[in-house]
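So the chains spell out like this:
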Amino acid sequence: MILYHGSWLVVEKPDLAFSRDNVDFGRGFYTTPYKEQAKKWAERFKRTKGAGMVSAYELDDAALPSLRVLEFKAYNAKWLEFIADCRKGKPVEGDYDIIAGSVANDKVFDTIEEYLNGYRSKTEALRRLRYEKPNWQYCFKKQDVMDQYLHFTFSEVVR
C-alpha cells in the first residue's frame, strides 16, 4: 500500500522524536493513502515554512496482520471520545503499533472543540461529523515498526 505524508521537508526516515502531542491519535507519524489529503497537509507548512513537500512510502501490507492496529472504521462515539482524549493530552491506552481512522479536519476539529467545551452533545457532534468528506490516516506509534515496514519511495514539491 502506498502512503503519503505532508510536511515542509522531505521525510526519508520518519522519526517519532519529531512528532507532536495533542493531535488526533496522539504522538506518532501520520500518513494517508490519499495523495490529495497529504498535499493539503503540506499546504499548511507552505504558508508557515515557505515550502510544502509530500513524501511517499510503501507499507508492507503483509505485515499488517502481525501488528497491533486500532482501527476506527467510522465517525462514531468511540472515535469521538478517543480523538477528544488525545487532543486533551491524555495518553493512549493500549500498546498499538498503528492507529487508523478518519481525520479530524478543520470542520471536524471545530465540532470536537464544541463538544469538549460542552456546546454540543455527543449526539449533535456525531450528526455533524456524518456529513464529512471521506478521508483516512494511519498514525504509526512505534519507531521499530516504521523502520521495518514503512519504506520511503519518493517525494515531490507542493506548488
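Report follows, based on the coordinates. All values reported here derive from a predicted model rather than from experimental measurement. (Residues numbered from 1 in each chain as written. Predicted model: local features only at pLDDT ≥ 70, side-chain atom pairs only at ≥ 80, totals over all residues. Heavy atoms only, no water.)

The set of residues buried in helix α4 (residues 122-129) consists of A125, L126 and L129. Viewed end-on, α4 has its buried residues packed into an arc of 95°, placing them on one side of the element. (Buried < 20%, exposed > 50% of the residue type's maximum accessible area, 1.4 Å probe, protein only. Helix = DSSP H or I, 4+ residues; strand = E, 2+ residues; numbered from the N terminus. Arc of directions from axis to C-beta.)

Take the sheet that holds strand β2 (residues 29-31) next. Strand order across the open sheet formed by four strands is β2-β6-β5-β4, with mixed pairing between neighbours. Unpaired on one side and paired on the other, β2 and β4 (69-71) mark the two borders of the sheet. With direction set aside, neighbouring strand axes in the sheet form an average angle of 20°. When β4 meets strand β5 (residues 98-101), the two strands line up parallel, connected through three bridges. Each bridged residue has a counterpart across the sheet, and for L70 the counterpart in β5 is I99. (Pairing = 2+ DSSP bridges. Axes fitted to C-alpha atoms, helices over the stretch in contact; angles between N-to-C directions.)

On to the sheet that holds strand β7 (residues 150-157). With antiparallel pairing, the three strands of this open sheet are ordered in space as β1-β3-β7. Sheet topology places β1 (2-7) and β7 at the edges, where each strand pairs with a single neighbour. Each strand of the sheet is rotated relative to its neighbour by a mean of 25°, with strand direction disregarded. The pairing of β1 with strand β3 (residues 53-59) spans six bridges and is antiparallel.

Let's shift gears to the pattern of salt bridges. The tally for this structure, following the rule as stated, stands at 14 salt bridges. Note that R27 is salt-bridged to D21, the shortest N-O span being 3.3 Å. Taking the relative accessible area as the measure of exposure, R27 reaches 35% and is therefore partly exposed. Judged by its relative accessible area of 48%, D21 falls in the partly exposed class. With a shortest N-O distance of 3.0 Å, K35 and E156 are connected by a salt bridge. Of this pair, K35 sits in helix α1 (residues 35-49) while E156 sits in strand β7, and the two are 121 residues apart along the sequence. Members of the salt-bridge network, linked through shared partners, are R68, D95, D97 and K142. (Salt bridge = Lys/Arg side-chain N within 4 Å of Asp/Glu carboxyl O.)

Looking now at the nonpolar core. The nonpolar side chains of soluble globular proteins are, as a tendency, buried together. One finds F25, W79 and L80 to be the most contacted residues of the largest nonpolar core, which totals 21 residues. Of all the elements in the fold, those that place two or more residues in this core are α2 (77-87), α3 (106-116) and α4. In terms of residues, this core owes the most to one element, α2, which gives six residues. Counting residues in each nonpolar core, the second largest holds 17 residues, with F29, A63, F140 and V145 among its members. (Core = buried A, V, L, I, M, F, W, Y, C linked by side-chain atoms within 4.5 Å.)

Phi is positive for N22, which is not a glycine, with a value near 60°. Structurally, N22 can be placed in the loop between β1 and β2. You can call N22 partly exposed: its relative accessible area is 41%.

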